[in-house]
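An overview of the molecular structure
These are the residues of each chain, in order.
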Amino acid sequence: MDNFLNFTEDYCREVANSCTECGLCVEACPVVPLAGLESQDAGQLVSGLKSLSEGKSSTSRASDWLDACNGSGICNDVCPENINVRSWISGLRTIQDVSRTPERDRRKASSDKFRAMSQAIRLLSSMQLPPDVISKITRTKGRGPADVVFYTGCNVLRTPHIVMNMMEILDALEILYEIAGGTSFCCGVTQHRSGDIGSYERVASRTSRAFEEMKAQEVISWCPTCLLQFNENWVNYDKPDYAMAHVTQFLHKYLDKMRSQFANCPPRRVVLQEHDGIPGVTEHVTELLASIPHVELVPVKQNRNFGYVCGGIGETYPDIQRENYRMLLEGAVAAQADCVVTIYHSCQRMLAGAAAQYPLNVLNYTDLISEALGRPSYTDIYGTLARVDTMDTIIETVHQLLKENGVEPNHSQIELVANQMFGEPGFYGSKEEFVKNLEKKS
Ligand code: SF4
Ligand code: SF4
């Protein structure tokens, strides 16, 4: 089961051979100074990557660079040899993890993280949706031949109103789609990042075969991490029959059709929270939003290239993420925007609570598109819980949904979810209040 590891070693060696050691990727990388590597010679750091790729030890602090990488992808944009430096770094990190941590520990870390994620997703989705809808948004069968597979990933199920919005949009565009969502269609990122390569290969392979069996020509991924995991780490190894693209790229192809259908459009002054890292995504969302009548996009200063998504960055760089949010939100207020619009689900989760502190709504771009297409709207229950001033309005609904799902969370499960929710930078509610409210009727 170490075929993927062998492949990764070959891949890194091959990439190293095409690198000219110009050092441009190091100079552009935003985490090099944060990891205290600015005094390192750029050429030496890259030469360290090349040594690691050849199975030798590095004389520079290249391994610190691997550990600090936040996946921003800026290095890819500047490399004159068109090397996917992010993917090279990811491969080397895997090799490094395998060489420095015993297999038993890697497997344990991977299964602990996966279990915690699964439990949190199960509890959070059960707090927000009835059981029949949970089934509907994780797997749709029997619709006939589908044009596309709508691959939700796992963590968007913490904010399932986004999936409901996407389904409304696809229905409005009369697209035949199948849904693949939840932990049974895992991309394997947890296992991959833990260096648990045997499990990663099993999980990613199972999901990849499931996509092939659905026989759609295209898989459109909601989740940016699943997309990168498949397109940058998996497809070169697996060479599957399908192609995967981000949903925004897919929706952008339907821009003219959407324009002809946009009708229900209240006036909004909108600040879009932007992310670089996956080429075209921010640009596509900008164009989609700008096409909605009466939506005015307001530019504000923001740090769009610090990580391809909000999720995960806060764990490593919490102060920078808080500062990025402060700059964005204060800029939006100064520009008299009435809402900040997010692209990804983790950004939505982390910014949702800001509505309690700033005179702004925090919406996802799918809220605006679905609304403009005249489709039903869905409450962001996670965001409502995230605000101490609105939690009371939703807690009865949450208890009712938990009952319908047959879920009776115990104290440790509630604590697990509360720690994850309130550990996210940008979350402004009260953890104690949340735990107390949720336990009241459990
Ligand atoms: S992906 Fe971003 S953080 Fe990682 S090495 Fe490249 S530029 Fe640096
Ligand atoms: S920018 Fe490309 S060629 Fe230059 S050092 Fe980085 S990986 Fe090598």
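Since the model is a prediction, treat every value here as computed from it, not as a measurement.

Here we look at the site of ligand 1
The local shell around ligand 1 consists of Cys 29, Pro 30, Val 31, Trp 65, Cys 69, Asn 70, Gly 71, Ser 72, Gly 73, Ile 74, Cys 75 and Ile 89. Of the residues contributing to the shell around ligand 1, the split by class is eight nonpolar, four polar and no charged.

Re helix 19 (residues 345–352)
The buried fraction of helix 19 amounts to eight of the eight residues, a majority that puts the element mostly inside the structure. Looking only at helix 19, the buried set comprises His 345, Ser 346, Cys 347, Gln 348, Arg 349, Met 350, Leu 351 and Ala 352. On its buried face, helix 19 sits against helix 10 (161–172), helix 13 (224–238), helix 18 (318–334), strand 7 (339–342), strand 8 (361–364) and helix 21 (381–386).

A short note on the environment of Glu 14
Here Glu 14 is to be found in helix 1 (residues 3–18). Given the relative accessible area of 58%, Glu 14 is considered exposed.

Observations concerning the sheet that holds strand 4 (residues 243–246)
An order of 2-1-3-4 is seen for the four strands of this open sheet, with the pairing classed as parallel. Two strands lie at the open edges of the sheet, namely strand 2 (177–181) and strand 4, each paired on one side alone. Put simply, the sheet's adjacent strands are angled 25° from each other on average, direction ignored. Here helix 10 sits on the sheet and contacts strand 1 (148–153), strand 2 and strand 3 (218–221); the angle it forms with strand 1, its principal contact strand, is near 165°.

Quick word on the packing of aromatic side chains
On inspection of all chains with the given rule, the structure shows 15 aromatic pairs. Here Tyr 151 and Phe 230 contribute two aromatic rings whose centre-to-centre distance is 6.0 Å and whose plane-to-plane angle is 80°, an arrangement assigned as edge-to-face. Of this pair, Tyr 151 sits in strand 1 while Phe 230 sits in helix 13; the two residues are 79 residues apart in sequence, bridging distant segments of the chain. Given a relative accessible area of 0%, Tyr 151 falls into the buried group. Each ring, one from Trp 234 and one from Tyr 237, has its centre 5.3 Å from the other, and the planes form 70°; the classification is edge-to-face. Of this pair, Trp 234 and Tyr 237 both sit in helix 13, separated by three residues, roughly a single helical turn.

Let's talk about the domain arrangement of the protein
Note on interface size: it is often stated as the accessible area lost on association of the parts. By the assigned domains, the protein splits into domain 1 (3–100) and domain 2 (103–252). A separation of 28 Å is found between the C-alpha centroids of domain 1 and domain 2. The partner domain 2 presents 14 residues to the 13 residues of domain 1 that form the contact. In this assembly, domain 1 packs against domain 2 so that about 1200 Å² is buried in total across both faces, 55% of it on carbon and sulfur atoms. Across the pair Glu 232 and Arg 86 runs a salt bridge whose closest N-O atoms are separated by 2.9 Å. For the pair domain 1 and domain 2, the number of links is six residue pairs in polar contact (both at pLDDT 80 or more). Elements with a minimum of two residues in the side of domain 1 that touches domain 2: helix 1 and helix 7 (85–100). With six residues, the top contributor of residues to the side of domain 1 that touches domain 2 is helix 7. Counted by class, the side of domain 1 that touches domain 2 contains five nonpolar, six polar and two charged residues.

About the criteria used
Residues numbered from 1 in each chain as written. Chains lettered and ligands numbered in written order. Predicted model: local features only at pLDDT ≥ 70, side-chain atom pairs only at ≥ 80, totals over all residues. Heavy atoms only, no water. Near = heavy atom within 4 Å. Nonpolar A, V, L, I, M, F, W, Y, C, P; charged D, E, K, R; others polar. Buried < 20%, exposed > 50% of the residue type's maximum accessible area, 1.4 Å probe, protein only. Helix = DSSP H or I, 4+ residues; strand = E, 2+ residues; numbered from the N terminus. Contact = heavy atoms within 4.5 Å. Pairing = 2+ DSSP bridges. Axes fitted to C-alpha atoms, helices over the stretch in contact; angles between N-to-C directions. Phe/Tyr/Trp six-rings, centres within 6.5 Å; stacked < 30°, edge-to-face > 60°. Domains from an automatic or database assignment. Buried area = accessible area lost by both parts, 1.4 Å probe. Salt bridge = Lys/Arg side-chain N within 4 Å of Asp/Glu carboxyl O. Polar contact = N/O pair within 3.5 Å; in protein donor to acceptor, adjacent residues only side chain to side chain.

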